[in-house]
Amino acid sequence: MHGRMALCGLLLGVSPALMASEESAFVLDGELTYVADSNVSQAGRERDRLDDQSVLAVAGVAYRVEPGFKSAINFRAYAELEKYETIRALDRVSTGGQVTFRGQSRLGYTAPVYQMSLGMQNDDYQTDQRDSSVYSAQAFVQRRFTDALMGSVGVEVRQRRSDGTVFDTEQARAFLNLDYAVSDALSLYGAYSFLHGDAISSAQLVFCNGVPANDIFGLVSSSDAIEPDDAFNEEFCGSWLAYRLRADTHSFVAGLNRGFGHNFSADVSIQQVNVLGEGNNDYSRTLVRAGILARF
């Protein structure tokens with residue numbers, strides 16, 4: 001599962017000052033984020049868990065049209081670059097596009113805002129097996145409850161088609177977000193996501209000393225697809241497998257966003273992901289992010 005997927009497609013932490021920059025028809029946005037991942041291999045067994053850290057850079061351009069007084073359509077194109085400190089085979093370059101419709105049925109400070117979006121992203125990994133095209137559709141409703149508190153609830157479906165059979169996934173997700181403005185520049189946010197669908201993990205088949213892992217029968221029998229993991233076989237000794245199985249995933253995010261002027265904000269968050277896979281193939285991972293967001 002992509003680490004950013006649980007952020008729900010919303011920049012909940014963006015300060016009001018940054019949101020005001022959306023008044024122009026063209027918007028340029030950028031992000032530079034440090035990510036620490038406690039379980040990059042998304043493995044259930046402690047012996048297979050690999051931690052690493054990466055730097056993610058994002059640049060995008062959006063164009064907005066307003067077909068009506070209470071609606072807007074955004075067209076956005078973007079590029080991403082992610083570089084890992086240790087597991088270089090997971091480095092990727094991604095490009096994508098998104099069209100978003102946003103509107104209200106009535107005007108008012110607390111009137112709900114409805115949003116629907118379609119997106120497509122192409123992922124080019126250092127290891128070809130993980131190269132993918134990702135298609136997504138998302139819908140949510142957002143409402144301001146008080147001057148400080150805003151919330152949203154929504155659903156998303158996502159499909160990934162990859163060069164490797166294991167990395168072909170289909171997922172459906174429901175999410176809930178809350179954003180609390182401590183001041184004009186400082187906000188706290190939280191999110192919960194429930195995801196049902198495919199989960200991908202990696203495990204050792206043969207250890208570095210040549211001894212085979214003789215306790216992974218349950219893993220193999222529960223998997224919908226399994227194949228050698230080219231990325232980890234390239235980086236580590238022994239023999240690694242990548243496998244896909246059905247799972248329920250719970251994700252929790254808590255973060256803090258601090259705006260600086262009209263164009264920049266700093267964002268820090270922690271995400272806890274718990275995956276309950278078929279055949280008791282469960283795992284968890286923790287991701288810590290710290291970054292700078294910009295809009296012009």
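Just above, that's the structure.
Summary of the structure given here. Keep in mind it's a predicted model, so treat the numbers as computed, not measured.

It is worth spelling out the pattern of salt bridges at this point. According to the stated counting rule, one finds 17 salt bridges in the structure shown. Residues participating in the shared-partner salt-bridge network are Arg45, Arg47, Asp48 and Asp215.

Where like charges cluster on the molecular surface, the negative patch consists of Asp124, Asp128, Asp163, Asp230 and Glu234. The residue Glu234 is located in helix 3 (residues 230–235) in this model.

Its place among the elements puts Asp48 in the loop between strand 1 (26–37) and strand 2 (52–68). The spacing of Asp48 and Ser201 is 153 residues in sequence and 9.7 Å in space, taken between C-alpha atoms. Residues contacting Asp48, with those up to four places away along its chain left out, are Ser41, Ala43, Ser202, Ala203, Gln204 and Trp240.

Taking every second residue as pointing to the same face, the buried face of strand 12 (residues 264–277) carries Ser265, Asp267, Ser269, Gln271, Val273, Val275 and Gly277, while none of Phe264, Ala266, Val268, Ile270, Gln272, Asn274 and Leu276 on the other face is buried. In terms of strand pairing, strand 11 (residues 239–260) meets strand 12 through 14 bridges, oriented antiparallel. Bridging from a neighbouring strand, Ser251 pairs with Val273 of strand 12. Following strand 11, the chain reverses through three residues before pairing antiparallel with strand 12; Gly261 in that reversal takes a positive phi of roughly 70°. For strand 12 and strand 13 (residues 281–295), the ladder comprises 14 bridges, and the chain directions are antiparallel. Bridge pairing in strand 13 links Ser269 to Arg289.

Turning our eyes to something else, we now look at unusual backbone geometry. You will see that Gln42, though not glycine, has its phi angle at about 50°, which is positive. One can find Gln42 in the loop between strand 1 and strand 2. The backbone of Asn280 sits at a positive phi, close to 60°, despite the residue not being glycine. Inspection of the secondary structure assignment puts Asn280 in the loop between strand 12 and strand 13.

Within the fold, Glu227 resides in strand 10 (residues 225–228). Of the side chains bearing the opposite charge, Arg244 lies closest to the buried Glu227, which forms no salt bridge; the N-O distance is 7.4 Å.

Moving on, we get to the pairing of strand 3 (residues 71–84). By the bridge criterion, 13 bridges tie strand 2 to strand 3 in an arrangement that is antiparallel. Note that in strand 3 the partner of Ala59 across the bridge is Ala79. The hairpin turn running from strand 2 into strand 3, its antiparallel successor, is two residues long. Here twelve bridges tie strand 3 to strand 4 (residues 92–103), and the two strands are oriented antiparallel to one another. Bridge pairing in strand 4 places Ala77 opposite Gly97.

Definitions and limits used
- Residues numbered from 1 in each chain as written.
- Predicted model: local features only at pLDDT ≥ 70, side-chain atom pairs only at ≥ 80, totals over all residues.
- Heavy atoms only, no water.
- Salt bridge = Lys/Arg side-chain N within 4 Å of Asp/Glu carboxyl O.
- Patch = residues over 30% accessible without salt bridge, like charges linked within 9 Å, V, L, I, M, F, W, Y side chains within 5 Å.
- Areas by Shrake-Rupley, 256 points an atom, 1.4 Å probe, with all protein chains shown as cover.
- Lys, Arg positive; Asp, Glu negative; His and termini not counted.
- Charge placed at Lys NZ, Arg CZ, Asp CG, Glu CD.
- Helix = DSSP H or I, 4+ residues; strand = E, 2+ residues; numbered from the N terminus.
- Contact = heavy atoms within 4.5 Å.
- Buried < 20%, exposed > 50% of the residue type's maximum accessible area, 1.4 Å probe, protein only.
- Pairing = 2+ DSSP bridges.

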